[in-house]
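# Observations on the three-dimensional arrangement
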Amino acid sequence: MLEDKNPLRTQLSELGEFKLIEHLTQNFKISQKSTVKGIGDDAAILSYNNKQIVITTDLLVEGVHFDLSYVPLKHLGYKAVMVNLSDVYAMNAMAKQITVSIAVSNRFPVEALEELYAGIETAAKIYDIDVVGGDTTSSTSGLIISVTAIGEVEKGNAVLRSGAKPNDLLVVSGDIGGAYMGLQVLEREKEVFKVNPNNQPDLSMYTYIVERQLKPEARKDIVELLSKLDVKPTSMIDISDGLSSEIIHLCKQSKVGVDLYENKIPLDPQVISTCEEFDIDSTTIALNGGEDYELLMTISQEDYPKIKSNPNLTVIGYMTDGKSGMHLVTRAEQKIPIIAKGWNALKN
């Protein structure tokens with residue numbers, strides 16, 4: 001499906017580990033004051049004063065988390081960074097540095113890894129983060145990418161999953177379900193291509209949802225917006241595994257219940273139309289799809305006037321006493337228990 005337009009193939013063995021690292025990271029520049037020493041020594045050196053450090057790591061494995069038959073390597077590099085930055089922003093923190101480690105088989109030439117790192121470099125520039133280290137090794141099972149993100153937050157400003165209180169409002173950024181439906185479109189076109197390789201896919205009708213899958217954006221802007229609005233969430237999590245799963249995480253760790261209103265869940269029109277095309281219920285996709293990387297948070301009702309007219313934030317529910325349980329309130333005003341059916345990384 002993806003045409004290789006670059007005939008150059010430089011074997012990894014021609015460079016070796018250290019020259020390969022130097023080659024792939026030569027364009028990374030240092031922009032953060034807290035970065036004392038980046039790539040090129042045994043470890044990075046970071047300097048902080050009155051800040052708390054936030055560290056998160058995610059692993060992306062070929063055949064489990066991505067399919068290179070339709071995922072461009074540059075997009076993959078970008079997404080690998082976003083997955084980690086999203087976790088930092090979910091703590092109400094600002095990402096400052098990342099390390100990138102890869103395990104790669106000999107079917108990948110240097111030029112392929114250049115594409116991967118070009119995506120990483122683009123993400124670093126847009127989100128103003130420094131790439132300060134990592135590792136490379138060989139793999140017998142395709143491409144594996146591990147990114148660690150380091151962020152900072154003022155003492156007392158970190159937001160955990162465990163702070164929600166009864167009567168808080170459940171709020172989500174952006175819209176939900178696009179990434180999953182983008183994946184369904186790509187998987188369908190892959191099957192069509194396997195039957196007829198001359199049939200090139202037309203994705204023009206699905207631009208938004210395909211981009212949501214291939215090139216998601218971490219919501220740094222929402223953290224900045226909340227700061228400007230003087231709103232500190234009582235709890236927060238990013239939506240990586242599905243809305244239902246993340247709501248359950250917040251409720252269990254905060255020991256509260258929730259009423260989630262089906263008619264309040266924000267859905268893009270392209271998600272709705274594509275769900276109709278695939279004959280899939282859009283609410284099911286919103287609850288269980290995953291990979292949206294939006295921020296799900298609870299806020300005090302006192303802060304509602306500050307966010308009520310903001311198009312980036314939608315109130316979708318209401319936190320209740322823990323004994324009340326976790327429920328979806330349908331459009332017919334029926335209460336249905338919320339069950340986690342989102343992404344399970346360990347499920348075969």
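Residues numbered from 1 in each chain as written. Predicted model: local features only at pLDDT ≥ 70, side-chain atom pairs only at ≥ 80, totals over all residues. Heavy atoms only, no water.

### Comments concerning the packing of aromatic side chains
The condition that has to hold: Here a Phe, Tyr or Trp ring, Trp counted by its six-membered ring, pairs with any other such ring whose centre lies within 6.5 Å, and the pair is stacked when the planes are under 30 degrees apart, edge-to-face when over 60, and tilted otherwise. Labels follow the DSSP assignment, with helices taken as runs of H or I lasting at least four residues and strands as runs of E lasting at least two, numbered in each case from the N terminus. Residue exposure (1.4 Å probe, protein chains only): buried if accessible area is under 20% of the type maximum, exposed if over 50%, otherwise partly exposed.
In this structure the tally under the stated criterion is two aromatic pairs. Ring centres 6.5 Å apart and planes at 50° place the aromatic pair F28 and Y117 in the tilted group. Here the residue F28 occupies a position in the loop between α1 (16-24) and β1 (35-37), and Y117 occupies one in helix α3 (residues 110-127), the gap between them amounting to 89 residues. Assessed through its relative accessible area of 5%, Y117 is described here as buried. Geometrically, the ring pair formed by Y89 and Y127 is stacked, given 6.5 Å between the ring centres and 25° between the ring planes. Of this pair, Y89 sits in helix α2 (residues 73-89) while Y127 is found in helix α3, placing the two residues 38 residues apart along the sequence.

### Looking at the sheet that holds strand β5 (residues 130-138)
Just so we agree on the cut-off: Paired strands, in this sense, are two strands between which DSSP finds at least two bridges. Think of each axis as a best-fit line through the C-alpha atoms, taken over the contacting stretch in the case of a helix, with angles from 0 to 180 degrees between the N-to-C directions. Residues count as neighbours in contact if any of their non-hydrogen atoms are within 4.5 Å of one another.
In spatial order, the strands read β3-β6-β4-β5; together these four strands make up an open sheet with mixed pairing. The two strands at the open ends of the sheet, each matched to only one other strand, are β3 (51-61) and β5. Looking at each pair of strands side by side, their axes are set apart by 15° on average, direction ignored. In this structure, strand β4 (residues 94-104) lies alongside β5, joined through eight bridges in parallel fashion. Pairing of I98 across the sheet is with V131, part of β5. Strands β3, β4 and β6 (144-154) of the sheet are contacted by α2, whose axis makes an angle of about 140° with β3. Along the sheet face, α3 touches β4, β5 and β6 and points at about 170° away from the line of β4.

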